[in-house]
Amino acid sequence: MYSFQSQMPTASSLFSAYASLSALAMLLRSIFHEFIPQPIRNYLLSLLHYLFHRRSNHLTLVIEEANSTGIGRNELYDASELYLSTKLTNPSTDRLKISKSPKDKSLTIRFEKGEEIHDFHDNVALYWRFLCMEPEKRRSSSTGADDNGLPSSVTPETRFFELSFDKKSKDKIINSYLPYILSKTKSMKDKERTLKLCTLASRYTGGNIYWDTTNLEHPSTFKTIAIDPNLKSEIINDLDRFVRRKDFYRRVGRAWKRGYLLYGPPGTGKSSLIAAMANYLRFDIYDLQLGNLIKDSDLRRLLLATANRSILVIEDIDCTIDIKNRRNKATTTSSGLDENGNVQVSYKPPEIQLTLSGLLNFIDGLWSSCGDERIIVFTTNHKEKLDPALLRPGRMDMHIHMSYLTFPSFRILVSNYLEFEGQHSVFDEIQRLIEVVKVTPAQVAEELMRSEDVDEALDGVVKLLKKKKEVVDNEDGLIKPEEEGDHGVIDDICLPSQNSQN
Ligand SMILES: Nc1ncnc2c1ncn2[C@@H]1O[C@H](COP(=O)(O)OP(=O)(O)OP(=O)(O)O)[C@@H](O)[C@H]1O
Ligand SMILES: [Mg+2]
């Protein structure tokens, strides 16, 4: 009888065939590596590569992590990484990397080495691969390709993406798909990323002062800020115009920067407005405390280290920029013996070489031309004390007066703090009082925080305003006729063309 069993190879024969094949492969591999010189090896490999890929219809783009200069990052790599992380729902993905740093808001999910992703763009099938070059896989400098035929500019430990597609779609992919990825991820990054607050490191380390970075988690927004609604929309419109006018600034030959001077009494929301601007534009904040600086060269170094799409803030400019006086105050104490015969340690404060003109010239000149989308904000409680050089037309684009509370601003505070939008019996009285006493949003906000009960909280505000009125009735605190308009205005916008649409 025909025996099917007798035709089947046994497990042991299969295993021994496999073992001999593996041994043969290993032998050939080691002969190839040990006895054939590297240049010949590379030549054979490139010949094989040529023979098998000669008629390939596919083009592969290599997107390395480092940019072509090898110094900075490749923007396209970062964009591809972020873009592909939105495709992770793909059921074919087997392995992912997941992490969270203490400063991140959410989990970060990224590709694991060797992962592949399929995508489509305008009917073109795209094939992405994430690869990582191991340190030992160095390439030969003579051929410009490594053992795997990878490009010579890829350095060890460099990660890169390969994007393959039909050669015929090359233009479509380069001119449409990749720009689409860049623009899509730009807005994703803005929404996702945590804003940064950079302050000067408190230590002065023998000439090296640097930016210390922390997360900016200020909750102030244009919704929560209680300022005159017209002023608010003027500011928002100005910011919107600024960020969308890249071409305009280029055309008229101006650096793409905008300066705001915020002035007004303490507690009127100057710092809160800066945070609202940063949250609105998704810009980082650099808080430059000039009091900690000694030399113009420190200032220049710090300013050059600021990133694009950021707000440079110099608070209380009237106090910190008293540079000429600071220089005069630098005194020298000579060493000698005190009355008990102890040696006195001499201390010579460093001579301050920081100048207002140095600051302004640098900001207007080199700094602003070194980057894009820069905003600079000066704040002061005393505009009248400022150096005229700061106020001259063209220096700050917009002078914004933040002042005492108005009734419309009060309603914004009530809505924010008490979530109360309706009418209330005490509103008329509050309106009358607000018109005659100077009260800051900070003072009223504090009162509104005392109770969650609307009646009780508003009653507290009435008491506060009445108390203030009693005091000012006898003194000089009533708003004088010339101060009546002193409730937050934009003085001037020094770039008339900014008002027109681009
Ligand atoms: N216009 C405002 N709208 C909403 N909240 C405000 C406003 N002004 C002040 N506040 C509240 O008062 C607090 C102090 O305000 P902020 O620090 O912004 O004032 P400032 O004008 O910067 O004061 P200073 O001149 O002392 O720096 C903030 O925490 C904020 O909650
Ligand atoms: Mg402030």
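A brief look at the structure comes next. Counting restarts for each chain: residues are numbered from 1 in the order of the written sequence. Throughout, the order in which chains and ligands are written sets their labels, letters from A for the former and numbers from 1 for the latter. Under the rules for a predicted model, residues below a pLDDT of 70 receive no local features and side-chain atom pairs below 80 are neither given nor counted, while totals for whole chains, interfaces and linings still include all residues. To obtain the side-chain values, all non-hydrogen atoms of the structure were included, while hydrogens and water were left out.

1. Digging into the overall build of the chain
Thought 1: Each helix corresponds to a stretch of at least 4 residues labelled H or I by DSSP, and each strand to a stretch of at least 2 residues labelled E; elements are numbered beginning at the N terminus. The secondary structure content of the chain amounts to 17 helices and 16 strands.
Thought 2: Expressed as a percentage of the 502 residues in the chain, the buried residues total 40%.
Thought 3: Two residues qualify as a contact provided that any one of their heavy atoms is within 4.5 Å of a heavy atom in the partner residue. For the chain, the share of sequence-separated contacts (at least 6 apart) that also reach a separation of at least 24 residues comes to 71%.
Thought 4: Roughly 28,800 Å² of accessible area belongs to the chain as shown, and the carbon and sulfur atoms make up 53% of that amount. A 1.4 Å probe rolled over the protein chains alone gives each residue an accessible area, and that area as a share of the maximum for its type sets the label: buried under 20%, exposed over 50%, partly exposed in between. Areas reported as accessible are Shrake-Rupley estimates using a 1.4 Å probe. Residue values count occlusion only from the protein chains shown.

2. Points about the site of ligand 1
Thought 1: Near ligand 1 lie 16 residues; those nearest to it are Ala-226, Lys-270, Ser-271, Ser-272 and Asn-381.
Thought 2: Look at ligand 1: alone it shows 620 Å² of surface, and the protein chains cover 72% of it.
Thought 3: Every element with two or more residues in the shell around ligand 1 is listed here: α8 (270–281), α14 (407–418) and α16 (441–448).
Thought 4: The greatest single-element share of the shell around ligand 1, amounting to three residues, is contributed by α8.
Thought 5: Put simply, Ala, Val, Leu, Ile, Met, Phe, Trp, Tyr, Cys and Pro go in the nonpolar bin, Asp, Glu, Lys and Arg in the charged bin, and everything else, Gly too, in the polar bin. Looking at the shell around ligand 1 residue by residue, the class counts come to eight nonpolar, seven polar and one charged. Distances are taken per atom, and a residue is near a molecule or strand as soon as one of its heavy atoms is within 4 Å of it.

3. Considering the nonpolar core
Thought 1: Core analysis: the biggest nonpolar cluster contains 29 residues, and Ile-235, Tyr-260, Ile-311 and Ile-375 have the highest contact counts within it.
Thought 2: Elements supplying a minimum of two residues to this core: α6 (229–244), α7 (246–251), β9 (257–263), α8, β11 (310–314), β14 (374–380) and β15 (398–401).
Thought 3: Residues within four places of Ile-235 in sequence aside, it is in contact with Phe-222, Ile-227, Leu-273, Met-277, Met-398 and Ile-400.
Thought 4: In this structure, Cys-198, Leu-302, Leu-312 and Leu-386 belong to the second largest nonpolar core, which totals 28 residues. Nonpolar cores are built from buried Ala, Val, Leu, Ile, Met, Phe, Trp, Tyr and Cys residues. Side-chain atoms within 4.5 Å join them into one set.

4. Let's talk about the sheet that holds strand β1 (residues 58–64)
Remark on secondary structure: sheet strands pair via backbone hydrogen bonds, oriented parallel or antiparallel.
Thought 1: Paired strands are those between which DSSP finds at least two bridges. Read across the sheet, four strands follow the order β1-β6-β5-β4 without closing on themselves; strand pairing throughout is antiparallel. This sheet does not close on itself; its edge strands, each paired only once, are β1 and β4 (116–121). Ignoring which end each strand starts from, the neighbouring axes of this sheet average 25° apart.
Thought 2: Two elements, strand β5 (residues 124–132) and strand β6 (residues 159–166), share six bridges in a ladder whose sense is antiparallel. Each residue of the ladder has a partner; that of Arg-129, found in β6, is Glu-162.
Thought 3: On top of the sheet, helix α4 (residues 75–85) reaches β1, β4, β5 and β6; it is set at about 75° to β6, its chief contact. The convention used is that axes are lines fitted to C-alpha atoms, helices contributing only their stretch in contact, and that angles between N-to-C directions extend from 0 to 180 degrees.

5. Observations regarding the pairing of β9
Thought 1: The element β9 is extensively covered by neighbouring structure, given that seven of its seven residues are classed as buried.
Thought 2: Covered by surrounding structure in β9 are Lys-257, Gly-259, Leu-261 and Tyr-263 together with Arg-258, Tyr-260 and Leu-262, the residues of both alternating faces.
Thought 3: Pairing of β9 with β14 involves seven bridges; the strand directions are parallel. Opposite Leu-261, over in β14, you have Phe-378 as the bridge partner.
Thought 4: As judged from the four bridges shared by β9 and β15, these two strands associate in the parallel manner.

6. Some words on the pattern of salt bridges
Thought 1: Just to be clear on terms, a salt bridge is a Lys or Arg side-chain nitrogen sitting within 4 Å of an Asp or Glu carboxyl oxygen. In the structure shown here, the tally under the stated rule is twelve salt bridges.
Thought 2: Between Glu-446 and Arg-450 there is a salt bridge whose closest N-O contact spans 3.7 Å.
Thought 3: Members of the salt-bridge network, linked through shared partners, are Asp-238, Arg-241, Arg-258 and Asp-397.

7. Quick notes on a positive patch on the surface
Thought 1: A residue counts toward a patch only above 30% relative accessible area and without a salt bridge, and it is joined to like-charged neighbours within 9 Å or, for Val, Leu, Ile, Met, Phe, Trp and Tyr, to nonpolar neighbours within 5 Å. We treat Lys and Arg as the positive residues and Asp and Glu as the negative residues; His and chain ends play no part in the count. All charge positions are set by atom: Lys at NZ, Arg at CZ, Asp at CG, Glu at CD. Among the surface-exposed residues, Lys-186, Lys-189, Lys-246 and Arg-250 lie close enough to one another that they form a single positively charged patch.
Thought 2: Contributions of two or more residues to the positive patch are made by α5 (170–192) and α7.
Thought 3: Looking at the element boundaries, Lys-246 is found in helix α7.

8. Concerning unusual backbone geometry
Thought 1: A positive phi angle, near 65°, is found at Asn-123, a position not held by glycine.
Thought 2: On the basis of relative accessibility, which here comes to 78%, the residue Asn-123 falls in the exposed class.
Thought 3: The phi dihedral of Arg-282 falls on the positive side, at around 60°, and the residue is not glycine.
Thought 4: Looking at where Arg-282 falls in the secondary structure, it is placed in the loop between α8 and β10 (284–287).

9. As for the packing of α14 against α16
Thought 1: Following both chains from N to C, one finds α14 and α16 inclined at 35°, their axes separated by 10 Å at the closest point. For the element pair α14 and α16, the recorded crossing hand is right-handed. Here Phe-410, Leu-413, Val-414, Tyr-417 and Leu-418 of α14 lie close against α16, whose contacting residues are Pro-441, Val-444, Ala-445 and Leu-448. Here a crossing is called left-handed whenever its near helix is offset anticlockwise from the far helix by less than a right angle, and right-handed whenever the offset is clockwise.

10. Considering the packing of aromatic side chains
Thought 1: Note on aromatic pairs: the rings of Phe, Tyr and Trp (six-membered ring only in Trp) are paired at centre separations within 6.5 Å, and the planes decide the class, stacked below 30 degrees, edge-to-face beyond 60, tilted for the rest. Under the defined criterion, the tally for this structure stands at 15 aromatic pairs.
Thought 2: Taking the centre distance of 5.8 Å and the plane angle of 90° together, the rings of Trp-128 and Phe-161 count as edge-to-face. Of this pair, Trp-128 sits in strand β5 while Phe-161 sits in strand β6, placing them 33 residues apart in sequence.
Thought 3: Plain terms: the ring middles of Phe-242 and Trp-256 are 6.1 Å apart, the flat faces sit at 50° to each other, and that makes the pair tilted. Note that Phe-242 is positioned in helix α6 and Trp-256 in the loop between α7 and β9, a separation of 14 residues in sequence.
Thought 4: Take Phe-242: its relative accessible area is 0%, and that puts it in the buried class.

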